[in-house]
Amino acid sequence: MEKLYRILYPMRVVLITSKYGKRENVMAAAWCFPISMDPPLFGVSVSRKRFSHELISKGKAFGINLVGKDMEKEALLAGRSSGKGKDKFVEFCINKEYGKLGIPLLKDSPASIECRLVKEIELGDHVLFVGEAVNVIKRREAKGLYHKGEDEFIEI
Ligand SMILES: Cc1cc2nc3c(=O)[nH]c(=O)nc-3n(C[C@H](O)[C@H](O)[C@H](O)COP(=O)(O)O)c2cc1C
């Protein structure tokens, strides 16, 4: 029962960026999806244990950064260690830039969506952050990276 959610896999992986005060962070997320077309809303389900949870909740914004096969290493690094005691951008040499909301976005990502937090819903052991897309940056065409489980990914 514990990993029943795996029935829906593979799931597309994105890198979620956030900022509060001087702290900036990036984490991998497979539970990120569109919710509404008008207004354009996206959701990401984040465990309360993540440092990103604190930054998104307090910073009121998050970035959705698409990743291709060429960013599998970054997805694993950002998805297997917490930014609580370190700066993952510096430690893992992940390049960032800034959009309209002042949150970091990934310079090497094929596309980034900047979202303003509009709702935070407590659901079981995760929190669903709902954000309205206020800015979309398309940098290049790329296939998506999908998580199959553990350290396994496929490109579609
Ligand atoms: C491929 C992959 C997908 C993940 N998806 C999610 C997710 O959707 N939600 C979540 O809370 N954690 C997810 N994680 C776990 C976080 O990315 C991981 O705990 C990370 O270290 C949190 O970083 P932070 O503490 O700096 O926020 C995923 C990890 C990987 C490797």
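Our subject is the structure that appears above.
In short, a report on the structure.

The rules we used
- Per-chain numbering applies: the sequence of each chain, read as written, is numbered from 1 onward.
- Selection of residues for local features in this predicted model requires a pLDDT of at least 70, selection of side-chain atom pairs for listing and counting requires 80 or more, and totals for whole chains, interfaces and linings are taken over all residues.
- Exposure classes come from backbone-placed C-beta atoms, where a residue is buried if 20 or more other C-beta atoms lie within 10 Å of its own, exposed if 12 or fewer do, and partly exposed in between.
- Labels follow the DSSP assignment, with helices taken as runs of H or I lasting at least four residues and strands as runs of E lasting at least two, numbered in each case from the N terminus.
- Two strands are said to pair when DSSP picks up at least two bridges between them.

**Quick look at the pairing of strand S6 (residues 61-66)**
Within S6, 6 of the 6 residues are buried, leaving the element largely enclosed by the surrounding structure. Burial along S6 is two-sided: the residues Ala61, Gly63 and Asn65 and Phe62, Ile64 and Leu66 are all buried. Taken together, the 4 bridges between strand S2 (residues 14-20) and S6 define a ladder with antiparallel strand orientation. Within S6, the residue paired with Thr17 across the bridge is Gly63. As judged from the 5 bridges shared by S6 and strand S9 (residues 111-123), these two strands associate in the antiparallel manner. Across the sheet, residue Asn65 finds its bridge partner in S9, namely Ser112.

**Remarks on the sheet that holds strand S12 (residues 152-155)**
Taken in spatial order, the 3 strands line up as S1-S11-S12 in an open sheet, and their pairing is antiparallel. Looking at which strands have only one partner, the edges of the open sheet turn out to be strand S1 (11-12) and S12. In terms of strand pairing, S1 meets strand S11 (residues 145-149) through 2 bridges, oriented antiparallel. Within the sheet, the bridge partner assigned to Arg12 lies in S11 and is Tyr146.

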